[in-house]
Amino acid sequence: MEKKKLARKQADKRQQIIEAASRIIVCKGIDKTSLMDIANEAGISKGSLYYYYASKEDLIFDITETHINQISTNLFAIIEESKDEACWEDVLKILYERILQAETRGRLHFYLIQQALNGNDALADRFRKRYREWNQLIREGFEQLEPDNSKQTILSSMVVAVLDGFLIQSLLGIDTIDPDEFVRHLDVKIGKS
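What counts and what doesn't
- Residues numbered from 1 in each chain as written.
- Predicted model: local features only at pLDDT ≥ 70, side-chain atom pairs only at ≥ 80, totals over all residues.
- Heavy atoms only, no water.
- Helix = DSSP H or I, 4+ residues; strand = E, 2+ residues; numbered from the N terminus.
- Buried < 20%, exposed > 50% of the residue type's maximum accessible area, 1.4 Å probe, protein only.
- Areas by Shrake-Rupley, 256 points an atom, 1.4 Å probe, with all protein chains shown as cover.
- 1 Å grid on protein atoms, 1.4 Å probe; cavity = no way out; pocket = protein on both sides within 12 Å on 5 of 7 lines; lining within 4 Å.
- Points joined across faces, edges and corners; volume = space filled by probe spheres on them.
- Nonpolar A, V, L, I, M, F, W, Y, C, P; charged D, E, K, R; others polar.
- Expected span 1.5 Å × (residues − 1).
- Contact = heavy atoms within 4.5 Å.
- Salt bridge = Lys/Arg side-chain N within 4 Å of Asp/Glu carboxyl O.
- Polar contact = N/O pair within 3.5 Å; in protein donor to acceptor, adjacent residues only side chain to side chain.

Caption draft 1: Highlighting the overall build of the protein. A count of helical and extended segments in the protein gives nine helices and zero strands. In sequence order, the secondary structure elements of the protein are arranged as α-α-α-α-α-α-α-α-α. Every one of the 193 residues in the protein was classed for burial, and the buried ones make up 40%. Carbon and sulfur atoms make up 51% of the accessible area of the protein, which amounts to about 11000 Å² in all.

Below, the structure is given as structure tokens:
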């Protein structure tokens, strides 16, 4: 029983550190964030931080995994909640609204992608894997909601790309289109056969 309590306490502390690091990274960026900044934000000593994370790289990996898991879980929940009673346009609208509302997560997402594109091969591999999973999840959603549509693979790739693009625009302060306009003009019925 004591081992379970200790494991739970350590998991809670790791989550506290991840949340603190995410807040700091969103404000300062990954490169300008130090382990001391993270320790201060988490309310722990730098030595305690090293107990949980030997390096900033280890912490970034956990932040990335947590962040990607949150997005994946949210996407899966949206598809599952809507598949029996909504059309795909409604699912896309909900997904679009939730992504644009998650500004902090969006900023973190693009900071981490920037690191991946700037030579962090381990992060790049994680993002490639998860983007493939997201594309597959959306494709499966299309298949469930519109089984006769033969373009699910193309449509799922387009949806992921469009959502990333809208998130970038939102983070830059560029006016984004209304969710209803988004789904009305994203013709998900193109190429039905």
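Resuming the write-up.
Caption draft 2: Quick peek at the layout of surface pockets. Approximately 200 Å³ is the volume attributed to the largest pocket. E19, S22, Q70, T104 and L108 are, among the 12 residues lining the largest pocket, the residues nearest its centre. Secondary structure elements with two or more residues in the lining of the largest pocket: helix 1 (2-28), helix 4 (56-82) and helix 6 (103-117). For the lining of the largest pocket, the element with the highest residue contribution is helix 1, accounting for five residues. The class makeup of the residues in the lining of the largest pocket is three nonpolar, six polar and three charged.

Caption draft 3: Broad picture of helix 7 (residues 121-145). The end-to-end C-alpha distance of helix 7 is 36 Å, a good match for the 36 Å that 25 residues give at a rise of 1.5 Å each. Among the residues of helix 7, L123, A124, F127, R130, Y131, W134, N135, L137, I138, G141 and F142 are the ones counted as buried.

Caption draft 4: Examining the environment of G106 more closely. Position of G106 relative to the elements: it lies in helix 6. Considering only alpha carbons, one finds G106 and D164, 58 residues apart in sequence, at a separation of 9.1 Å. Excluding residues within four positions of it along the chain, G106 makes contact with L167 and L171.

Caption draft 5: Seen up close, the pattern of salt bridges. Inspection of the entire model under this criterion finds six salt bridges. Residues R130 and E133 are paired through a salt bridge, measuring 3.3 Å at the closest nitrogen-oxygen approach. Of this pair, R130 and E133 both sit in helix 7, three residues apart, roughly one helical turn.

Caption draft 6: Looking closely at the side chain of N120. Considering the arrangement of structural elements, one finds N120 in the loop between helix 6 and helix 7. There is a polar contact of 3.1 Å between the side chain of N120 and the backbone nitrogen of L123. Residues in contact with N120, not counting those within four places in the same chain, are E57, F61 and Q115.

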